[in-house]
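# Structural overview
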Amino acid sequence: MSNGLLAGKRGIIFGALDEQSIAWQVAEKCVAQGAKITLTNAPVALRLGTIQQLAEKIGAEVIPADATSLEDLENLLTKSQEILGGKMDFMLHSIGMSVNMRKKRTYDDLNYDWMQKTFDISAISFHKLMQTAMKMDAMNEWGSILALTYIAAQRVFPDYSEMAESKSLLESFARSFGYHWAKKANVRVNTVSQSPTMTTAGTGVKGFQDFFDYSNKMSPLGNATSEQCADYCVAMFSDLTKMVTMQNLYHDGGFSNMGMAPEVLGL
Ligand code: NAI
């Protein structure tokens, strides 16, 4: 259902790899709500994933960008403004990757070069994007910038490894840069803390299925799906949420406020 919530708005969606990706769902919903967008992902993801299919489906252009490269981000922001015909109203950072996790290194045996790479991709890229966009004056007044995060930033989930610190850093960047963006152009910056979701990044976490089932039982509303996350992102990009900024917003069916759930214990 479309209510034209994003009519006339322009945006950039990072991180649609395949149909499972949360960003894929967000891109589809933004366009259905009247927005014009560009899609972007790392060059390697363009080769391995199916983003081109999404681009054709929603009539969007794909601009390759490694989110850790300032040059790529500048090019992305320049081209997006040319293609869409003006400054951006919203941007979604939907990027996460742990090198140590991928190489099966345990939390008490991490490689620190890989850890730096993980932080760069999963968190510092968010600062790089916001700083580049600010220097280029590429955001419209009252725009909205979002990044996706997970509650392992606040609580211990042993198999989430160095991604926990990545998410803490990401959320901190949203708060700190949120101040500067508000003062500069009334732009809001928030993170959405999403339930476990069956995607490439999600299922890369050891024991993900058990973890997913546990979370589903712990959450009174159940796990939030990627489609529901996309609806929430649309709301956050719309003019209905103009005064929400510097927040970590839980989109998790109630998980974050639970202590004990009888369902988990089989009571
Ligand atoms: P996904 O695997 O579909 O998306 C991750 C994306 O990051 C991919 O498109 C990948 O190509 C991109 N990426 C990796 N390195 C990059 C680079 N250097 N430059 C640009 N893009 C790069 O998985 P998902 O789950 O949709 O992940 C999106 C976001 O949601 C991530 O931040 C993830 O941590 C977060 N999230 C995921 C949850 C889950 O259970 N799946 C739960 C809570 C948050």
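The structure under discussion appears in the preceding block.
The structure reproduced in this document is the subject of the present report.

Criteria and thresholds
- Residues numbered from 1 in each chain as written.
- Predicted model: local features only at pLDDT ≥ 70, side-chain atom pairs only at ≥ 80, totals over all residues.
- Heavy atoms only, no water.
- Pairing = 2+ DSSP bridges.
- Helix = DSSP H or I, 4+ residues; strand = E, 2+ residues; numbered from the N terminus.
- Contact = heavy atoms within 4.5 Å.
- Axes fitted to C-alpha atoms, helices over the stretch in contact; angles between N-to-C directions.
- Near = heavy atom within 4 Å.
- Polar contact = N/O pair within 3.5 Å; in protein donor to acceptor, adjacent residues only side chain to side chain.
- Areas by Shrake-Rupley, 256 points an atom, 1.4 Å probe, with all protein chains shown as cover.
- Nonpolar A, V, L, I, M, F, W, Y, C, P; charged D, E, K, R; others polar.
- Buried < 20%, exposed > 50% of the residue type's maximum accessible area, 1.4 Å probe, protein only.
- Phe/Tyr/Trp six-rings, centres within 6.5 Å; stacked < 30°, edge-to-face > 60°.
- Lys NZ or Arg CZ within 6 Å of the ring centre and 35° of its normal.

### Side note on the sheet that holds strand β2 (residues 36-40)
Strands sit in the order β3-β2-β1-β4-β5-β6-β7 across an open sheet of 7 strands; the sheet is parallel. Here the strands that pair on one side only, and so sit at the sheet edges, are β3 (61-62) and β7 (247-251). Across 3 bridges, strand β1 (residues 10-14) lies against strand β4 (residues 88-93) in parallel orientation. Bridging across to β4, Ile13 finds its partner in Leu92. Packed on one face of the sheet, helix α1 (residues 22-32) meets β1, β2, β4, β5 (139-149) and β6 (188-194) and runs near 165 degrees to β1.

### Structural notes on the site of the ligand
The environment of the ligand is made up of 27 residues, and the closest members are Ser21, Asn41, Lys167, Thr197 and Thr199. Side-chain polar atom of Asp66 to a nitrogen atom of the ligand: 3.0 Å apart, as the coordinates give it. Out of a free accessible area of 820 Å², the ligand has 93% covered by protein chains. Among the elements of the structure, β5 and α8 (200-203) are those that each provide at least two residues to the shell around the ligand. At 3 residues, the largest contribution of residues to the shell around the ligand is made by α8. Split into classes, the residues belonging to the shell around the ligand amount to 13 nonpolar, 12 polar and 2 charged.

### What about the side chain of Ser161?
Assignment of secondary structure puts Ser161 in the loop between β5 and α7 (163-185). When its relative accessible area of 9% is taken as the criterion, Ser161 is described as buried. Discounting chain neighbours no more than four positions away, the residues touching Ser161 are Met101, Tyr107 and Leu110.

### Things to note about the packing of aromatic side chains
All chains considered together, the criterion is met by 9 aromatic pairs. Taking 5.1 Å as the distance between ring centres and 50 degrees as the angle between the ring planes, the aromatic pair formed by Tyr150 and Tyr160 counts as tilted. Of this pair, Tyr150 sits in the loop between β5 and α7 while Tyr160 is found in the loop between β5 and α7, placing the two residues 10 residues apart along the sequence. Judged by relative accessible area, which is 8%, Tyr150 ranks as buried. Members of the aromatic cluster, each reached through a chain of ring pairs, are Tyr150, Phe157, Tyr160, Phe208, Phe211, Phe212, Tyr214 and Phe255. A cation over a ring is seen here: Lys103 above Trp114, with NZ or CZ 5.0 Å from the ring centre. The ring of Trp142 has Lys242 sitting right over it, with the charged end atom 5.5 Å from the ring centre.

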